[in-house]
Amino acid sequence: MAGRWQWLHRLGSPRWFYATTTRWLPWLAGAMALLLAVGTVWALLYLPPDYQQGDTSRILVVHVAVAGASLSFFPLMAVAGTVTLVWRIKLADMVAKNAAPLGAWFSFLTLATGSIWGSVSWGTWWEWTDSRLVSMLFQFFLLLGVISLRAALDNSATAARACALLSIVGCINVVVIKYSVQWWNTLHQPPSPISMQVGSPNGPEFWVATAIMAVAVYLFLALSLILATRNEILERESKAQWVRELALGAT
Amino acid sequence: MMKPHRRKRLGLIVFIAVGMSIAAALTLFALRQNINMFYSPSQVAAGEVGAGELFRVGGMVKNGSVEQAQDSLAVRFVATDFVHDVAVDYEGILPDLFREGQGIVAEGRLDSAGVFQASRVLAKHDENYMSPEVKAALEQAGISPGKHRFRSAPEN
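Here the residue numbers are simple positions, counted from 1 along each chain's written sequence. For naming, the first written chain is A and the first written ligand is 1, with later ones following in the order written. The predicted origin of the model limits local features to residues at a pLDDT of at least 70 and limits the giving and counting of side-chain atom pairs to 80 or more, whereas totals for whole chains, interfaces and linings rest on all residues.

1. A short note on the overall build of chain B
Under the scheme used here, helices are H or I runs from DSSP no shorter than 4 residues and strands are E runs no shorter than 2 residues, and both carry numbers assigned from the N terminus. Across its full length, chain B carries four helices and six strands. For chain B, the N- to C-terminal ordering of α and β elements is α-α-α-β-β-β-β-β-β-α. Atoms counted for the radius of gyration: C-alpha only. Globule rule: 2.2 Å times the number of residues to the power 0.38. On C-alpha atoms alone, chain B measures out to a radius of gyration of 22 Å, which is more than a quarter above the 15 Å that the 2.2 N^0.38 rule sets for 156 residues. With respect to the three principal axes, the spread of C-alpha positions in chain B is 80 × 45 × 25 Å.

This is the structure in structure tokens:
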């Protein structure tokens, strides 16, 4: 019975993934470079200074974009992990494996940019009692845990399943990070309600640069993950005929 | 149709995820007062904090309440949640954003007179970003969107 889930197996073919992303890469790289340039120039030159924080608030363009993207790693690894556990599709685990270190870097950058911002606006680099800060640090450690777990287990199939399960459970922390500023008293401010009207609090003159930067950062995330996964495919499928042909053709 | 062994595995994953979520939710709910970063002046007024205990209080710096000493860095101000007030004594360098009408979080102890002796004062800025021109225009129109919504008591 050619089932309803057949498409998933077609999509999970490493060879198909490799060929498709070869076509995507130049477009992703071009769009990322363009948006990154526009976002950076906008944030540095055209973003109005905040009435309270002055030029310090410019860092929010980077901080918000990176922080938002860092929250996507556990859901992404959980979906890939579920596919690994239920359908045993190898490509899903290749994506999950390479997402973990990238996610750790994004979490680290979120903590670093937030710390720099906080040192100026709050008067402190770090507060152990702020649940937003601590839950983000927890995500960083959880991702290091996922990386270590995979490295510690010799059997790669067992490692993939263990990491998949940890990634699914780790999604709980993403919800905690997101709502920490609403559930509890924190030093960290809640998310800004954006306004469509120019000249009002959180108007387009403030958030458009952040939105552009957020798209650029997501493109960077996608690009990095695709490139790492392609390497993983070549390594794991090195005995496959099409990889041999590709390697011979390239030299 | 999904194959039976796959459906069984998916069911197990959903069961684990739901179970862990409930466990996490119950834990966080039980620990809610410990997770809160600060007490509100109303909670302090209600005697939720023991004498001599180190804790943090969060509120707005009451307008017209800041008294700066002439010959030292000592400062006294009132933190308020618009229901109750707490007088705060502090000696040291205040964050740049410290001003009347600004949200702050102070760490320290209550003395016998009920004055909060702060060892640290942090600025808690809000989520409304705007240019000085917009702020001035809104103030002229009598709107103050920068106002903190400091809760007088936790909602849960």
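Now, onward.
2. Overview of the domain arrangement of chain B
On domain assignment, one finds that chain B holds domain 1 (4-30) and domain 2 (37-140). As used throughout, domain bounds are those supplied by an automatic or database domain assignment. One C-alpha centre belongs to domain 1 of chain B, the other to domain 2 of chain B; they are set 43 Å apart.

3. Some details on the environment of Leu219 of chain A
All names here are of chain A. As for its position among the elements, Leu219 is in helix α8 (residues 204-236). With C-beta atoms placed from the backbone, a residue counts as buried when 20 or more other C-beta atoms lie within 10 Å of its own, as exposed when 12 or fewer do, and as partly exposed for counts between those limits. Given 21 C-beta atoms within a 10 Å radius, Leu219 is considered buried. For the pair Leu219 and Ala33, spaced 186 residues apart in the sequence, the C-alpha separation amounts to 9.2 Å. Here the contact rule is simple: place C-beta atoms from the backbone, and any two residues whose C-beta atoms are within 7 Å are in contact. Once residues lying within four places of it in the same chain are set aside, the contact partners of Leu219 are Leu28, Ala31, Met32 and Leu35.

4. With respect to the packing of helix α2 (residues 14-46) of chain A against α8 of chain A
Residue and element names in this part refer to chain A. Between α2 and α8, the shortest axis-to-axis distance is 8 Å and the interhelical angle comes to 150 degrees. Taken together, the axes of α2 and α8 are roughly antiparallel relative to one another. When the axes of α2 and α8 are compared, the crossing they make is left-handed. Each residue belonging to the contact of α2 with α8 can be placed in one class, and the counts come to 24 nonpolar, two polar and one charged. Axis geometry follows a simple rule: fit a line to the C-alpha atoms, using only the stretch in contact for helices, then measure angles between N-to-C directions, giving values from 0 to 180 degrees. Angles below 35 degrees are treated as roughly parallel, those above 145 as roughly antiparallel, those between 65 and 115 as roughly perpendicular, and all remaining angles as oblique. Two helices crossing with the near one rotated counterclockwise from the far one by less than a right angle form a left-handed crossing, whereas a clockwise rotation gives a right-handed crossing. Residue polarity is assigned by list, with Asp, Glu, Lys and Arg as charged and Ala, Val, Leu, Ile, Met, Phe, Trp, Tyr, Cys and Pro as nonpolar; anything else, Gly included, falls into the polar class.

5. Let's talk about the confidence of the model for chain B
In predicted models, pLDDT denotes the confidence assigned by the predictor to each residue on a 0 to 100 scale. Mean pLDDT over chain B works out to 87, with 91% of the residues at or above the 70 mark. Confidence estimates for the predicted assembly give a pTM of 0.91 and an ipTM of 0.86.

6. Details of unusual backbone geometry
With a phi angle near 55 degrees, Asn202 of chain A is a residue other than glycine that sits in the positive phi range. We classify Asn202 of chain A as partly exposed; it has 19 C-beta atoms within 10 Å. With a phi close to 75 degrees, Phe82 of chain B is a non-glycine residue in the positive phi region. Mapped onto the secondary structure, Phe82 of chain B falls in the loop between β3 (74-80) and β4 (85-91). The exposure class assigned to Phe82 of chain B is partly exposed, which follows from the 15 C-beta atoms found within 10 Å.

7. Structural notes on the interface of chain A and chain B
Taken together, the contacts link 38 residues of chain A with 35 residues of chain B. Of all the secondary structure elements, the ones that give two or more residues to the side of chain A that touches chain B are α4 (73-87) and α7 (156-183) of chain A. When the residues that make up the side of chain A that touches chain B are grouped by side-chain class, the tally is 18 nonpolar, 17 polar and three charged.

8. Observations concerning the nonpolar core
The term nonpolar core refers to a set of buried Ala, Val, Leu, Ile, Met, Phe, Trp, Tyr and Cys residues connected through C-beta atoms within 7 Å. With 55 residues, the main nonpolar core has Val61, Ala65, Met77, Ala96, Met213, Ala216 and Val217 of chain A as its most contacted residues. Looking at this core, the elements with two or more residues in it are α2, α3 (59-70), α4, α5 (90-121), α6 (131-152), α7 and α8 of chain A. Examining the composition of this core, we find that twelve residues originate from one element, α8 of chain A, more than from any other. Val61 of chain A has contacts with Gly39, Ala43, Leu47, Ala209, Thr210 and Met213 of chain A, leaving out every residue within four places of it along the chain. Among the nonpolar cores identified, the runner-up in size contains 27 residues, and Met37, Tyr39, Ala79 and Ile104 of chain B belong to it.

9. Re the pairing of strand β1 (residues 55-61) of chain B
All names here are of chain B. Most of β1 sits out of view: six of its seven residues are buried. Relative to strand β5 (residues 103-110), β1 runs antiparallel, the two being bridged by six bridges. Following the sheet pairing, Val57 is matched in β5 by Ala106. Two strands form a pair only when DSSP identifies at least two bridges running between them.

10. Let's talk about α6 of chain A
Over its 22 residues, α6 of chain A extends 30 Å from the first C-alpha to the last, a length consistent with the 32 Å expected when each residue adds 1.5 Å. Along α6 of chain A, the residues that are buried comprise Ser131, Arg132, Leu133, Ser135, Met136, Gln139, Leu142, Leu143 and Val146 of chain A. Residues of α6 of chain A that are buried make contact with α4, α5 and α7 of chain A together with α2 (32-35) of chain B. Each helix should span, by expectation, one fewer than its residue count multiplied by 1.5 Å.

11. Focus on the confidence of the model for chain A
Looking at chain A as a whole, its pLDDT mean stands at 93, while 98% of the residues score no less than 70. Mean pLDDT across the secondary structure elements of chain A bottoms out at helix α1 (residues 6-11) of chain A, with 81, and peaks at α6 of chain A, with 97.

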